[in-house]
Amino acid sequence: MILGGVHIPHERGLLGHSDADVLTHAIMDALLGALALGDLGQHFPDSDAAYQDISSLKLLEQVARKLADAGYGIAHIDSVVVAQRPKLAPYIPEMRRRLAATLVMELSCVSVKATTTERLGFEGREEGISAQAIVSLCKIRNVNTDDKRNEQDETNTH
């Protein structure tokens, strides 16, 4: 099982077209959604063989580039994984490190938590796990103004 880019030994893995890293997928969906850029399926369709078994951290890098191209940076990520088993606490520091490194963020700005459902629902019956994420973005540049300024600079130098 892969969560937050970390391999976690467990008798069951997660099924998906990519590496099925549900935590990283939740973070990517939150980032894309914050700018109304659609969802993962729009950007990385499971009908495209290029994404078969790909590391979700590689997809996360691409999502981060889309945000930067739109003039935004990530201020903070808060996420939670819901799973009855395995116990995730020992792996959370490494998940945070890998996510922060992939996004070129301060470790203190990436939160990963884990919880159970006390055996309720599909997570509690160990039929699957889920993850949720919320992100705060900050505007790092005005894309239209910066683009016009660059065009004017190019015109003035010619």
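So, here's what we can say about the structure. (Residues numbered from 1 in each chain as written. Predicted model: local features only at pLDDT ≥ 70, side-chain atom pairs only at ≥ 80, totals over all residues. Heavy atoms only, no water.)

1. Some remarks on the side chain of S79
And step 1. Its location among the elements puts S79 in strand β3 (residues 72–82).
And step 2. Using a relative accessible area of 1% as the deciding quantity, one classes S79 as buried.
And step 3. Within the structure, S79 has its side chain in polar contact with the backbone oxygen of S111 (distance 2.8 Å).
And step 4. If we skip the residues at most four places from it in the chain, S79 touches L23, I27, S111, V112, K113, Q132 and A133. (Helix = DSSP H or I, 4+ residues; strand = E, 2+ residues; numbered from the N terminus. Buried < 20%, exposed > 50% of the residue type's maximum accessible area, 1.4 Å probe, protein only. Polar contact = N/O pair within 3.5 Å; in protein donor to acceptor, adjacent residues only side chain to side chain. Contact = heavy atoms within 4.5 Å.)

2. Brief notes about the nonpolar core
And step 1. Counting 35 residues, the largest nonpolar core has L3, L23, L31, L60, M95 and L99 as its most contacted members.
And step 2. When contributions to this core are tallied by element, the ones reaching two or more residues are α1 (22–34), α3 (56–69), β3, α4 (92–103), β4 (110–115) and β5 (130–139).
And step 3. For this core, the element with the highest residue contribution is α1, accounting for 7 residues. (Core = buried A, V, L, I, M, F, W, Y, C linked by side-chain atoms within 4.5 Å.)

3. What to know about α4
And step 1. Counted at 1.5 Å a residue, the expected span for α4 with its 12 residues is 16 Å, and the 16 Å between its end C-alpha atoms agrees.
And step 2. Residues I92, M95, L99, A100, T102 and L103 constitute the buried set of α4. An end-on view of α4 places all buried positions within 160° of arc, on one side of the element.
And step 3. Turning to α4, the residues buried within the fold contact β1 (2–3), β2 (6–7), α1, α3, β3 and β4.
And step 4. Phi turns positive one or two residues past the end of α4, at V104, with a value near 50°. (Expected span 1.5 Å × (residues − 1). Arc of directions from axis to C-beta.)

4. A word on the pairing of β3
Two faces, one strand: in a regular strand the side chains alternate between the faces of the sheet.
And step 1. Pairing between β3 and β5: 10 bridges, direction antiparallel. From the neighbouring strand, S79 faces β5, where its bridge partner is A133.
And step 2. Relative to β4, β3 runs parallel, the two being bridged by 6 bridges. Bridging from a neighbouring strand, V82 pairs with T115 of β4.
And step 3. Tracing the backbone out of β3, into α4 and back to the parallel element β4 gives a crossover that is right-handed. (Pairing = 2+ DSSP bridges. Right-handed = clockwise from strand over helix to strand, strands pointing away.)

5. Thoughts on the packing of α3 against α4
And step 1. Packing of α3 against α4 brings their axes to within 9 Å, and their N-to-C directions diverge by 40°. The orientation of α3 relative to α4 falls into the category oblique. For α3 against α4, the interelement crossing comes out right-handed. On α4, the residues that touch L57, L60, E61 and A64 of α3 are R98, L99, T102 and L103.
And step 2. Of the residues in the contact of α3 with α4, the class split is 5 nonpolar, 1 polar and 2 charged. (Axes fitted to C-alpha atoms, helices over the stretch in contact; angles between N-to-C directions. Parallel < 35°, antiparallel > 145°, perpendicular 65-115°, else oblique. Left-handed = near helix turned anticlockwise from the far one by under 90°. Nonpolar A, V, L, I, M, F, W, Y, C, P; charged D, E, K, R; others polar.)

So yeah, pure geometry; function would need other evidence.
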